[in-house]
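Here are the chains, one letter per residue:
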Amino acid sequence: MGDGAASLRGGSRWRLTDQIGRAARGVAAISTGVATGQAVTLLATPVLSRIYSPADFGAFASFMAFVMIASTAGSLRLESAVTIATPGEARQMLWASALSSLLAGAICAAVVLGVGHPAISSGPWLGSALVIYIVWITSMYAVLTAFALRTHQYSAVARRNLLQAVGTAGGQLVLSRWLRSAMGLIGGLAIGRTLGVASLIRESGLFARDRVPDGATMTAALRRYWRFPTVFMPAALLNVLGVQLPILIVARAYGAESAGNLAQAFTFTLIPAALLGTAISSVVLAELAARVRAGELDQRHRYLRVSRALAPFGLAWILGLVLLAPSLLPWVLGPQWESAGQFAAALGISAGTGLVV
């Protein structure tokens, strides 16, 4: 009996050690991919900020504000349900998100066309098709990432980050030869997102023939996880509105140039959240979901423990932005971006707490 208990304790310790090691490797892999992708973005930004004007970035930012709002609604927040569902249910919810995001993209295109957005004013019908595609690919980017995380494919998520960054920066640089406007920035983003999604589809084994169906249907999956589209999606939409509405309001009230400065400030202030927060949150999500699938439903203490560990980094980032951003950003981006540094300092508290959240 004693030997059996000792064996069980030893097996439990081995599983715990294995989980900790897997989580550490996941954080390292995703951090490396995100850091490399961010390095590509940071190296390209001073070049792009001198090719495209603040007004171009402002039109691009307000365009992307519409896209982010629509893609958040379009995914139905099923990317969170995918991580705790059975394989068959996860696939069904992925297809449900694909269909709903197409509808969200069509509604978004109608809104963007209706307001006469300057980003697509030169080619409204082509621009509308691009809106639908970018909303759809952005939703799929989120859901496919969750699909990969549910099976701990951290290296696939890392490569997704790098491919998207390289594709976006490279596309925006190349397209600037013919489209030195917001459309060039939008086209580059579409290229980057496409590369990232293609990588996730290939590495997740979504279309693998050896997958054994478990009898799940889309209707049954949506009925079981109804709280995600009805409760969590509105909450996520409220969150994304808090980030995107200021850009739309500034663009409307003060013009595209001010919106461009604000958008660059947002991009700069979110660097730690992209580097550190994305890696940790992705791994925490995958590991907690695995425990929930195993029957350990209360994960509150683990969530709070990670949040407390991130708090000092958030405080340091707040102080850094307030003290350094006003002089640093115009030096990096160019003199026409002076307002971006002032915006970044004003966003310090939001960015620091956002890293923890």
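Residues numbered from 1 in each chain as written. Predicted model: local features only at pLDDT ≥ 70, side-chain atom pairs only at ≥ 80, totals over all residues. Heavy atoms only, no water.

Once that is clear, we can look at the pattern of salt bridges. Under the criterion given, the structure shown has 2 salt bridges. One salt bridge connects glutamate 89 with arginine 224, and the closest N-O pair in it is separated by 2.9 Å. Taken together, the residues glutamate 89 in helix H4 (residues 87-114) and arginine 224 in helix H8 (residues 218-224) connect sequence positions 135 residues apart. (Salt bridge = Lys/Arg side-chain N within 4 Å of Asp/Glu carboxyl O. Helix = DSSP H or I, 4+ residues; strand = E, 2+ residues; numbered from the N terminus.)

For leucine 76, which is not a glycine, the phi torsion comes out positive at approximately 60°. Counting through the fold element by element, leucine 76 comes out in the loop between helix H2 (54-74) and helix H3 (78-82). A positive phi is found at arginine 77, a non-glycine position, where the angle reads about 60°. Its location among the elements puts arginine 77 in the loop between H2 and H3.

The subject of this paragraph is the packing of helix H9 (residues 227-254) against helix H10 (residues 256-269). One can describe the packing of H9 onto H10 by two numbers: an axis separation of 7 Å at closest approach and a directional angle of 155°. Between H9 and H10, the crossing angle belongs to the class labelled roughly antiparallel. In this structure, the crossing between H9 and H10 has a hand that is right-handed. Across the interface between the two elements, Val243, Pro246, Ile247, Val250, Ala251 and Tyr254 from H9 touch Ala256, Ser258, Ala259, Leu262 and Phe266 from H10. In the contact of H9 with H10, the residues fall into 10 nonpolar, 1 polar and no charged. (Axes fitted to C-alpha atoms, helices over the stretch in contact; angles between N-to-C directions. Parallel < 35°, antiparallel > 145°, perpendicular 65-115°, else oblique. Left-handed = near helix turned anticlockwise from the far one by under 90°. Contact = heavy atoms within 4.5 Å. Nonpolar A, V, L, I, M, F, W, Y, C, P; charged D, E, K, R; others polar.)

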